[in-house]
Amino acid sequence: MQPLKDRLAAANTLLAPYAVPHEGVLGRTYPEAPDGTRFPFQRDRDRIIHTQAFRRLKGKTQVFVAGTHGSTQLTTSDHVRTRLTHTMEVAQISRDIARTMGLNEDLAEAVALSHDLGHPPFGHAGEEALDRWMKKHGGSFEHNIQSHRVVTVLAEHSTQFPGLNLHQEILEGILKHRTPHDGGIVSGEMVSGEWSHSRSHDLTTHHSPSLEAQIVNLSDEIAYTGHDCEDGIRAGLFSEDDLADIPLIAGALDQAKPRGTSLRGSLIHLLVSDLLITTEMMITDQSVQALDDVLRSASPLARFSPEMEDELADLRTFLWNRMYLHPDVLQRSREGQVIIEQLCDQYMIMPSAKVLELQKRTGSALPEAIKDYVAGMTDGYASDQANSSANTPSDPPAPLR
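What you see is a predicted model; the values in this text were computed from it and never measured.

Basis of the calculations
- Residues numbered from 1 in each chain as written.
- Predicted model: local features only at pLDDT ≥ 70, side-chain atom pairs only at ≥ 80, totals over all residues.
- Heavy atoms only, no water.
- Helix = DSSP H or I, 4+ residues; strand = E, 2+ residues; numbered from the N terminus.
- Buried < 20%, exposed > 50% of the residue type's maximum accessible area, 1.4 Å probe, protein only.
- Lys, Arg positive; Asp, Glu negative; His and termini not counted.
- Salt bridge = Lys/Arg side-chain N within 4 Å of Asp/Glu carboxyl O.
- Polar contact = N/O pair within 3.5 Å; in protein donor to acceptor, adjacent residues only side chain to side chain.
- Expected span 1.5 Å × (residues − 1).
- pLDDT = per-residue confidence, 0-100.
- Contact = heavy atoms within 4.5 Å.
- 1 Å grid on protein atoms, 1.4 Å probe; cavity = no way out; pocket = protein on both sides within 12 Å on 5 of 7 lines; lining within 4 Å.
- Points joined across faces, edges and corners; volume = space filled by probe spheres on them.
- Nonpolar A, V, L, I, M, F, W, Y, C, P; charged D, E, K, R; others polar.
- Axes fitted to C-alpha atoms, helices over the stretch in contact; angles between N-to-C directions.
- Parallel < 35°, antiparallel > 145°, perpendicular 65-115°, else oblique.
- Left-handed = near helix turned anticlockwise from the far one by under 90°.
- Phe/Tyr/Trp six-rings, centres within 6.5 Å; stacked < 30°, edge-to-face > 60°.

**Q** What am I meant to see in the side chain of glutamate 127 here?
**A** Relative to the helices and strands, glutamate 127 resides in helix H6 (residues 123-136). In this structure, glutamate 127 is buried with no salt-bridge partner, the nearest side chain bearing the opposite charge being arginine 83 at 6.6 Å. Engagement of the side chain of glutamate 127 in a polar contact is seen with the backbone nitrogen of histidine 143, the distance being 2.9 Å.

**Q** Even after reading the chapter, I still don't get helix H4 (residues 83-101), so can you show me in this structure?
**A** Side chains of residues three or four places apart in an α-helix project in the same direction, reflecting 3.6 residues per turn. The terminal C-alpha atoms of H4 lie 27 Å apart, and with 19 residues this matches the ideal 27 Å at 1.5 Å per residue to within 8%. Following H4 by one or two positions, glycine 102 adopts a phi angle in the positive range, close to 75°.

**Q** What exactly am I supposed to notice about unusual backbone geometry here?
**A** Note: most peptide bonds trans; most residues except glycine with negative phi. With phi around 55°, asparagine 165 is a residue other than glycine that occupies positive phi space. By the element assignment, asparagine 165 lies in the loop between helix H7 (143-154) and helix H8 (168-175). According to the relative accessible area criterion, asparagine 165 is buried, its value standing at 5%. In this structure, serine 287 takes a positive phi of about 55° despite not being glycine. Topologically, serine 287 is positioned in the loop between helix H12 (263-285) and helix H13 (291-296). What makes serine 287 partly exposed here is its relative accessible area of 46%.

**Q** Would you mind showing me how to read the pattern of salt bridges here?
**A** Opposite charge on two side chains permits them to pair, given that their charged atoms come into close proximity. Under the criterion given, the structure shown has 33 salt bridges. Its salt-bridge partner being arginine 95, residue aspartate 106 comes within 3.5 Å of it at the nearest N-O pair. Here aspartate 106, found in helix H5 (residues 105-114), pairs with arginine 95, found in helix H4; they are eleven residues apart in sequence, far enough to count as distant. We note a salt bridge from glutamate 341 to arginine 132, for which the minimum N-O separation is 2.8 Å.

**Q** What's the story with the confidence of the model for the protein chain in this structure? I'm lost.
**A** When pLDDT drops low, the exact placement of atoms in the prediction is not to be read closely. Taken as a whole, the protein chain shows an average pLDDT of 88; of its residues, 85% reach a score of 70 or greater. The low-confidence segment residues 396-401, where pLDDT is below 50, has 23 contacts with residues more than four positions distant or belonging to other chains.

**Q** Please explain empty space enclosed by the protein as it appears in this structure.
**A** The method is simple in principle: a probe with the dimensions of a water molecule rolls over the atoms, and the space it marks as empty is what remains. What the rule picks out here adds up to eight cavities of 30 Å³ or more. Of the volumes computed, that of the largest cavity is approximately 80 Å³. Lining the largest cavity, in full, are Val20, Val25, Leu26, Glu169, Glu172, Gly173, His207, Pro209, Ser210, Ala213, Leu291 and Leu295. Breaking the lining of the largest cavity down by element, the ones donating at least two residues are H8 and H13. For the lining of the largest cavity, the leading source of residues is H8, giving three residues. Counted by class, the lining of the largest cavity contains seven nonpolar, three polar and two charged residues.

**Q** Where do I start with the packing of H5 against H8 in this structure?
**A** In a packed pair of helices, the relevant descriptors are the angle between the two axes and the axis-to-axis distance. Where H5 meets H8, the axes come as close as 9 Å, and the angle between the chain directions of the two elements is 45°. Between H5 and H8, the crossing angle belongs to the class labelled oblique. H5 and H8 meet at a crossing whose hand is right-handed. Residues Leu107, Ala110, Val111 and Ser114 of H5 pack against Glu169, Ile170, Gly173 and Ile174 of H8. Looking at the contact of H5 with H8 residue by residue, the class counts come to five nonpolar, two polar and one charged.

**Q** Sorry if this is basic, but what is going on with the packing of aromatic side chains here?
**A** What describes a pair of aromatic rings is the distance from one ring centre to the other and the angle between the planes of the rings. Tallying each qualifying case throughout the model produces four aromatic pairs. On the basis of an interplanar angle of 75° and a centroid distance of 5.0 Å, the ring pair of phenylalanine 238 and phenylalanine 318 is categorised as edge-to-face. Placement of phenylalanine 238 in the loop between helix H9 (211-234) and helix H10 (240-243) and of phenylalanine 318 in helix H14 (residues 306-324) is noted, with a sequence separation of 80 residues between them. Each member of the pair, phenylalanine 238 as well as phenylalanine 318, is classed as buried. Residues tyrosine 347 and tyrosine 373 carry aromatic rings whose centres are separated by 5.6 Å and whose planes lie at 80° to one another, so their mutual orientation is edge-to-face. Of this pair, tyrosine 347 sits in helix H15 (residues 327-349) while tyrosine 373 is found in helix H17 (residues 366-375), placing the two residues 26 residues apart along the sequence. For tyrosine 373, a relative accessible area of 8% corresponds to the buried category.

Take a look at the structure:
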């Protein structure tokens, strides 16, 4: 077996000049000796997937509260996406794009796998509820900032440092993660290209994110656009014929039908192809020759074409009107918000042993510890605690690690 140093050098020769090299450039907060066999971002990926926060994504809502809807229309068995399956799809798309463009696949994968770790129960509705509750106590909640907090504070890997001690490129990718889907589901207002939460934490660094992080942003949108169409059809919220009037979907169906493949796969293919072509044009037009050129860029280099953005906007409007704002979806979202706010109020009055333990370990104020604890819950566990007798939630088997 070749020494790790030699393997890193050989792998770097396959990267584009503007990619993040396999050893990274920003380093870790706490220096560590190299691993014996794994590349640095592979090592970080492994730390992420072995956290309890990552495993709990399987019990967290993407759009629906999976498997718990009373409405016949929304009873979609075990096949509807959760945060975990969504995260895996984002990682797969991110790696594919990174490989095609000669970017750092391991970095893209690590950012993708960690980007939703901070999501609370009940999807974006839960995020709105936690933010509303925290504002009453002088704070706020935003899931990207919470994802950063999970990997830097809440998750534990070693007694020698807090958090996972990931490379700074991953931490920046988490903090600078943005998609048009963030925010606005329960309020009934569609957000397209605007950000409903303060992003002041993004300004802790004064440069653009890496191309690897930028493609994760778009891979997130590609993944949920594809699987939300599929999940909405399976749930009976709309049909493929309803979607066929949208030009982007019509083009995807034209590709899918002769091959006998899925709408989702063809839609992803169209979006990825457009992203690759447009991003390569941006790189050429802006004379990007090195990583520093990417970091100094005033606007994202990874993007869809204006024509694709217009077609995506039409599809987003359809999905908002027919899926995210569906009365049954909104009802379940509101029920989730009530659960979260009741749990938080309950823990303020009578903190559980686990909340107090978390508060002591992190040195946080009580509302912050409650927010951390509730955000780490799965949908099912939060519902069980809300329904428990005596109004005193019991503790889960283990704290967030």
